[in-house]
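Listed below are the residues making up each chain.
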Amino acid sequence: MIAARSFGGRRVALFGLGGSGVATARSLIEGGAEVLAWDDNPESVAKAEAEGIVTGDLRQADWNGFASFVLSPGVPLTHPKPHWTVELARAAGVEVIGDVELFARERTARAPEAPFIAITGTNGKSTTTALTAHIIAASDRDAQMGGNIGRAVMTLDPLRADRNYVVECSSYQIDLAPSINPTAGVLLNLTPDHLDRHGTMQHYASIKERLVAGSNTAIIGVDDVYCAQIADRLEKAGKEVVRISKRLPLTDGYFADGPDLMEARHGRYSRIGFLEGIGSLRGQHNAQNALAAVVACLKVGLDLGEIQSGLESFPGLAHRMEQVGRRDHVLFVNDSKATNADASAPALSSFSRIYWIAGGLPKEGGIEPLRGLFPRIAKAYLIGEAAPAFSATLGEAVPYEISGTLSAAVEHAAHDAALDDGGEAVVLLSPACASFDQFKNFEVRGDAFREAVAAIDKVKPIGGTR
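Reference entry: report on the structure contained in this document. Remember, predicted model here, so these are calculated numbers, not experimental data.

Conventions used here
Residues numbered from 1 in each chain as written. Predicted model: local features only at pLDDT ≥ 70, side-chain atom pairs only at ≥ 80, totals over all residues. Heavy atoms only, no water. Helix = DSSP H or I, 4+ residues; strand = E, 2+ residues; numbered from the N terminus. Rg over C-alpha atoms; globule rule 2.2 N^0.38 Å. Buried < 20%, exposed > 50% of the residue type's maximum accessible area, 1.4 Å probe, protein only. Contact = heavy atoms within 4.5 Å. Areas by Shrake-Rupley, 256 points an atom, 1.4 Å probe, with all protein chains shown as cover. Lys, Arg positive; Asp, Glu negative; His and termini not counted. Charge placed at Lys NZ, Arg CZ, Asp CG, Glu CD. Pairing = 2+ DSSP bridges. Axes fitted to C-alpha atoms, helices over the stretch in contact; angles between N-to-C directions. Salt bridge = Lys/Arg side-chain N within 4 Å of Asp/Glu carboxyl O.

A few points about the overall build of the protein chain
Here is step 1 of the chain: When helices and strands are counted, the protein chain shows 15 helices and 22 strands.
Here is step 2 of the chain: What you see for the protein chain is a C-alpha radius of gyration of 23 Å, in line with the 23 Å of a compact globule of 466 residues.
Here is step 3 of the chain: Along the longest, intermediate and shortest principal axes, the C-alpha atoms of the protein chain span 70 × 55 × 40 Å.
Here is step 4 of the chain: Taken across its 466 residues, the protein chain has 55% of its residues classed as buried.
Here is step 5 of the chain: For the protein chain, the share of sequence-separated contacts (at least 6 apart) that also reach a separation of at least 24 residues comes to 65%.
Here is step 6 of the chain: Within the structure as shown, the protein chain displays about 18,900 Å² of accessible surface, and the carbon and sulfur contribution to it stands at 49%.
Here is step 7 of the chain: Within the protein chain, one finds 45 positive and 56 negative side-chain charges whose respective centroids are separated by 3 Å.

Structural data, given as structure tokens:
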């Protein structure tokens, strides 16, 4: 745990007693703060009390006595309207911050030289965070990974100069971290998201910009107009900006040329790495993730040999284009995390002979946005509530069957893919739907896919599978 000693001797209000909220309360208490915590859920309050955290209804508290208010990132700060605790804090002139801000202040105070890589973006930030941490760990350095992925940031090992902290940051966390100051800040991309919490795309983009604006080096994907404008703006302000692109041959920066990772300096190109043969990093979207990880790792002192070795040994993330098994020429891929059409597009773009398992609880728009990728699909196996609607969209463009259940879909897809003599065939679970009609969440759905694949005769599991 990282003790929040910067708050020692101060009274701190805290709202939100989920996993990260309890961890933050413990960090503050360990650092010597006097914490008063609350949650709208009585069960969460009772659990915190049982763990020795002092609780009390913040509606009744004397806010003039608080030095800071720590808010869970899941609680509205601005939109659709500020949470009642935020209004009370602002009325009393109390700063509103989150756990990433606590981390940033502790690092500044205790170990400012500790490498700190912070990663954000609408898509790809979890893979990039995991990949970056993996490369660092594979080089026999201490890599601490957390934030919006895995461990709550204040539960990472205590700050030390030789520890590398790799932190995934959501827009909610950045909004609560005014002094975030990473060694290398990564902004991968921006598309409309979470506008119910941020109001407008412009506001959402401005929040993401704060992370790279506060960094020593701003690593920015410039394949969308919002990020390209941010890169230009920060460079004009004197910030060190490194541009990356998954599709544009840049004059200065880093870009992907097929499977090759290229560096450009004043229009002169050199290959610095490659993704050929790395199954966990297939697809153009993963080229962007890899470029960001490569540049971030260079900025904290790794060399290209160490980085390439880490790329090649990366096992991938569970439920995100996760290779779970192979039988002869058939590859089985778990992309259960793809809960809408846009999320399924990267996987469908990465393979050419796909036996696609799709369906579940449908999202607005269905799979119509994927029509351009239909030629890659050899056959679709439809499950759950979405099956009738998806079959209507597929029509005569793609052969399909309504399998009903995931286990039936895996069995039938595996059988058909085995008969495909067109090279590598991929049985792909990428549902483009929520899971709630048949499974508790996408993780349970992905685990069920793994189990169904493992039950197929002569399937060999792929190394790194969880």
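So, the sheet that holds strand β8 (residues 184-187)
Here is step 1 of the chain: Spatial strand order, β6-β7-β5-β8-β9-β10-β11-β12-β13: nine strands in an open sheet with mixed pairing. Here the strands that pair on one side only, and so sit at the sheet edges, are β6 (142-147) and β13 (268-274). Looking at each pair of strands side by side, their axes are set apart by 20 degrees on average, direction ignored.
Here is step 2 of the chain: As paired strands, strand β11 (residues 253-257) and strand β12 (residues 260-265) are joined by five bridges and run antiparallel to one another. Within the sheet, the bridge partner assigned to Phe255 lies in β12 and is Met262.
Here is step 3 of the chain: Set on the sheet, helix α5 (residues 125-138) makes contact with β5 (116-120), β6 and β7 (163-168); between it and β7 the angle comes to about 170 degrees.
Here is step 4 of the chain: Packing of helix α11 (residues 304-312) onto the sheet brings it into contact with β12 and β13, and relative to β13 it is tilted by some 50 degrees.

Comments concerning the sheet that holds strand β20 (residues 425-429)
Here is step 1 of the chain: What the seven strands build is an open sheet, ordered β19-β18-β16-β20-β15-β14-β22; its pairing is mixed. In this open sheet, the two strands that pair with only one neighbour each are β19 (400-404) and β22 (460-461).
Here is step 2 of the chain: Pairing between strand β14 (residues 322-327) and β22: two bridges, direction antiparallel. What sits directly across from Arg326, in β22, is Lys460.
Here is step 3 of the chain: Across the sheet, helix α12 (residues 341-350) touches β16 (354-359), β18 (377-383) and β20, and the angle it forms with β16 is around 170 degrees.
Here is step 4 of the chain: Together, β14, β15 (330-334), β16 and β20 form the strand contacts of helix α15 (residues 442-454), whose direction differs from that of β15 by roughly 160 degrees.

Notes on the pattern of salt bridges
Here is step 1 of the chain: Applying the stated criterion across every chain yields a total of 26 salt bridges.
Here is step 2 of the chain: Residues Arg243 and Asp232 are paired through a salt bridge, measuring 2.8 Å at the closest nitrogen-oxygen approach. With Arg243 in strand β10 (residues 240-245) and Asp232 in helix α9 (residues 225-236), this pair connects stretches of sequence that are eleven residues apart.
Here is step 3 of the chain: The salt bridge partner of Glu424 is Arg326, with a shortest N-O separation of 2.8 Å. With Glu424 in the loop between α14 (406-418) and β20 and Arg326 in strand β14, this pair connects stretches of sequence that are 98 residues apart.
Here is step 4 of the chain: One connected set of salt bridges, linked through shared partners, spans Glu95, Glu101 and Arg105.

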